[in-house]
Amino acid sequence: MKNIAVVGTGYVGLVTGVCLSDIGHDVTCVDIDEQKVEKMKKGISPIYEPGLDELMKKNIENGRLHFTTSHKEAFKDAEVIYIAVGTPQKEDGSADLRFVEQAAKDIAENIERDGVVVVTKSTVPVGTNYKVRNWIKSHLKKDIHFDVVSNPEFLREGSAIYDTFHGDRIVIGADNERAASIIEEVNKPFGIPIFKTDIHSAEMIKYASNAFLATKISFINEIANICEKVGANVEDVAYGMGLDTRIGPQFLRAGIGYGGSCFPKDTKALVQIAGNVDHKFDLLESVINVNNKQQVKLVEKARNRFGSLQEKKVALLGLAFKPNTDDMREAASIVIAKELVKDGAFVVAYDPIAIENAKRVIGDEIMYANSIEEALHDADIAMIITEWDEIKNLSLDTFVRCMKTPVVFDGRNCYSLEEVAKYNIEYHSIGRESILRNVVSI
Ligand SMILES: NC(=O)C1=CN([C@@H]2O[C@H](COP(=O)(O)OP(=O)(O)OC[C@H]3O[C@@H](n4cnc5c(N)ncnc54)[C@H](O)[C@@H]3O)[C@@H](O)[C@H]2O)C=CC1
Ligand SMILES: O=C(O)[C@H]1O[C@H](OP(=O)(O)OP(=O)(O)OC[C@H]2O[C@@H](n3ccc(=O)[nH]c3=O)[C@H](O)[C@@H]2O)[C@H](O)[C@@H](O)[C@@H]1O
């Protein structure tokens, strides 16, 4: 078992650190955010991720998981150091490597052991691992040998622990066998297939995977938009397509587009990576454009239905970019709320977990409710933005009971048309026929 340090305790770093300790390694997680570290020392996760608190507590108690703000302390005995800091997008869409560069300097200034393997888990443009090597080299205080390895992360928020233990593959990009086999050894207990390749290919696998998944989503959303016009049902179309094993059923859920901390930024970064080598990535640019349009689809539908949204009360159900997370980064709800406010609508939003983060991002131009019923109370329009179980399992009678006029725009196709047809609800979803009722708006 190895002595491991993880730099950065966000969704990726913390989950990685906790899971590595759970399979037997001795792990120290280091973060510059003192408040986060104080919480984590007490076994409290600073992020909402199902199962994380329990696993954290278990491994703190068995003495294999530690937290600190001191890089020196974290790297003292480390044989392997993971970089898991953020790589947000810059204004031009390219990846901001500021935090990675700082982490590299922190490593250079504090490592003590010869032969340390520095693993980049953050999503970084092709060539960055070599930059990391140079950043470390140029800041080293003594002559210490180290290697760099690319080990991109494929976990999803909301199922991060499950994904770490049940991932489809672990990709290791290295330019020497010693470093590759150390990281292979570290990951062996997960029992997941390992694919070893060169560093550039490993870096590219991460962007290509996210871009491909985003492409699947934009593709099915375009099919959904056509389905609406030709009278087909996108749920059946996606199911029928997915039965072909060459296509597969996953990531064919039509909706209001992809959001989150990664697809939007990674697709834009890949367009930039291609642009840097004089390749215009037309296909991916279209994927991004389709997604931008798809995010405001519900507002467009509501404008067409009502003419004007001025003074309409709109209930937004769900704010997080997907269920089971409190992450609001690039959530469709942000754009939707902004558009509705611009149209003069009065917006009341509900989310089971992400309200506090939403308040920071969307602000006080909209109101926030403590329950679905409170948000729906006296509303003219309901918009379903995130398919939380609580929303999917809602008795449809609630819309009829609480709203002024039960007109529902469902951005996640939460309900079957047969079920909705049993209630006096006007219902518009994505890529399916609308159910129109004699619901009169006052
Ligand atoms: N969020 C996700 O689901 C996934 C993210 N990724 C990639 O993983 C990377 C990390 O993403 P998140 O975990 O979402 O980031 P995050 O922004 O949630 O967390 C980053 C953490 O790093 C800390 N940090 C920054 N500089 C530091 C330094 N020099 N020393 C110690 N700590 C430092 C910050 O305080 C913060 O707590 C990104 O490159 C992202 O693209 C990859 C797969 C999934
Ligand atoms: O690099 C990353 O950060 C991660 O990005 C995604 O994970 P995540 O963003 O957590 O969540 P997803 O479940 O992929 O959903 C992303 C967005 O796509 C949307 N989506 C997903 C699937 C689908 O069929 N339709 C659809 O609209 C979701 O609503 C959500 O807004 C990838 O699935 C992970 O493999 C990857 O590690």
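Rules behind the numbers
- Residues numbered from 1 in each chain as written.
- Chains lettered and ligands numbered in written order.
- Predicted model: local features only at pLDDT ≥ 70, side-chain atom pairs only at ≥ 80, totals over all residues.
- Heavy atoms only, no water.
- UniProt positions renumbered as here; feature names shortened; annotations may be inferred.
- Near = heavy atom within 4 Å.
- Polar contact = N/O pair within 3.5 Å; in protein donor to acceptor, adjacent residues only side chain to side chain.
- Areas by Shrake-Rupley, 256 points an atom, 1.4 Å probe, with all protein chains shown as cover.
- Helix = DSSP H or I, 4+ residues; strand = E, 2+ residues; numbered from the N terminus.
- Nonpolar A, V, L, I, M, F, W, Y, C, P; charged D, E, K, R; others polar.
- 1 Å grid on protein atoms, 1.4 Å probe; cavity = no way out; pocket = protein on both sides within 12 Å on 5 of 7 lines; lining within 4 Å.
- Contact = heavy atoms within 4.5 Å.
- Pairing = 2+ DSSP bridges.
- Axes fitted to C-alpha atoms, helices over the stretch in contact; angles between N-to-C directions.
- Domains from an automatic or database assignment.
- Salt bridge = Lys/Arg side-chain N within 4 Å of Asp/Glu carboxyl O.
- Buried < 20%, exposed > 50% of the residue type's maximum accessible area, 1.4 Å probe, protein only.

Per an unreviewed UniProt entry, the protein chain goes by UDP-glucose 6-dehydrogenase and derives from Geobacillus zalihae. What the UniProt record of the protein chain gives under Sequence similarities (unreviewed entry) is the line "Belongs to the UDP-glucose/GDP-mannose dehydrogenase family." As recorded by UniProt, the Catalytic activity (unreviewed entry) comment attached to the protein chain reads in full: "UDP-alpha-D-glucose + 2 NAD(+) + H2O = UDP-alpha-D-glucuronate + 2 NADH + 3 H(+)".

S.K.: A description of the site of ligand 2 should follow, citing residues and the corresponding values.
M.R.: In the vicinity of ligand 2 lie 20 residues, with F154, L155, E157, K206 and C262 positioned nearest. Take K206: an N or O atom from its side chain is 2.7 Å from an oxygen atom of ligand 2. Here L252 contributes a backbone N or O atom positioned 3.4 Å from an oxygen atom of ligand 2. Surface burial for ligand 2 is 93%, taken as the share of its 700 Å² of free accessible area covered by protein chains. Residue contributions to the shell around ligand 2 peak at 3 residues, all from helix α9 (residues 199–230). Across the shell around ligand 2, the residue classes tally to 9 nonpolar, 3 polar and 8 charged.

S.K.: Can you lay out the UniProt feature "binding site: substrate" (unreviewed entry) in the protein chain for me, pointing to particular residues and giving the numbers?
M.R.: When the UniProt feature table is mapped onto this chain, "binding site: substrate" (unreviewed entry) is found at F154, L155, R156, E157, K206, F251, L252, R253, A254, G255, G259 and K322. These annotated residues cover 169 residues of sequence, and their C-alpha atoms reach 23.9 Å apart at the extreme, placing them across more than a single site. Lining residues of the largest cavity drawn from the annotated set just named are K206. Looking at where F154 falls in the secondary structure, it is placed in the loop between β6 (146–150) and α7 (160–166). For F154, the contacting residues outside a window of four places in its chain are R169, V171, I205, K206 and S209. Relative to the helices and strands, A254 resides in the loop between α10 (234–242) and α11 (263–276). Aside from chain neighbours lying at most four places away, what touches A254 is I220, N221, A224, V234, N413 and I430.

S.K.: Got a sec to walk through the sheet that holds strand β5 (residues 116–120)? Specific residues and values, please.
M.R.: Strand order in the open sheet formed by 8 strands is β3-β2-β1-β4-β5-β6-β7-β8, with mixed pairing between adjacent strands. Where the open sheet ends on each side, the last strands, each with one partner, are β3 (65–68) and β8 (194–197). Strand-to-strand, the axes of this sheet are offset by a mean angle of 25°, without reference to chain direction. The pairing of β6 with strand β7 (residues 170–174) spans 2 bridges and is antiparallel. Across the sheet, the residue bridging to V149 is A174, located in β7.

S.K.: Could you give an account of the site of ligand 1, with specific residues and numbers?
M.R.: Around ligand 1, the structure places 28 residues, and the nearest of them are D31, K36, T87, E157 and K265. Within the contact set of ligand 1, a nitrogen atom lies 3.4 Å away from a side-chain nitrogen or oxygen of S261. Compared with its free state, where it exposes 840 Å², ligand 1 has 90% of that area covered by protein. Secondary structure elements with two or more residues in the shell around ligand 1: α1 (11–22) and α5 (98–110). Looking at the shell around ligand 1 element by element, the count peaks at 3 residues for α5. Here the residues of the shell around ligand 1 are counted per class, giving 10 nonpolar, 10 polar and 8 charged. Counting residues domain by domain, the shell around ligand 1 receives three or more from each of domain 1 (3–197) and domain 2 (206–288).

S.K.: Break down the pattern of salt bridges for me, with residues and values.
M.R.: Following the criterion strictly, the structure yields 32 salt bridges and no others. For R412, the salt bridge goes to E387, with nearest N and O atoms at 3.6 Å. Taken together, the residues R412 in the loop between β13 (407–410) and α19 (417–420) and E387 in the loop between β12 (381–384) and α17 (389–392) connect sequence positions 25 residues apart. Classification of E387 by relative accessible area gives buried; the value is 13%. Sharing partners across several salt bridges, the network here consists of R303, E339, K342 and D343.

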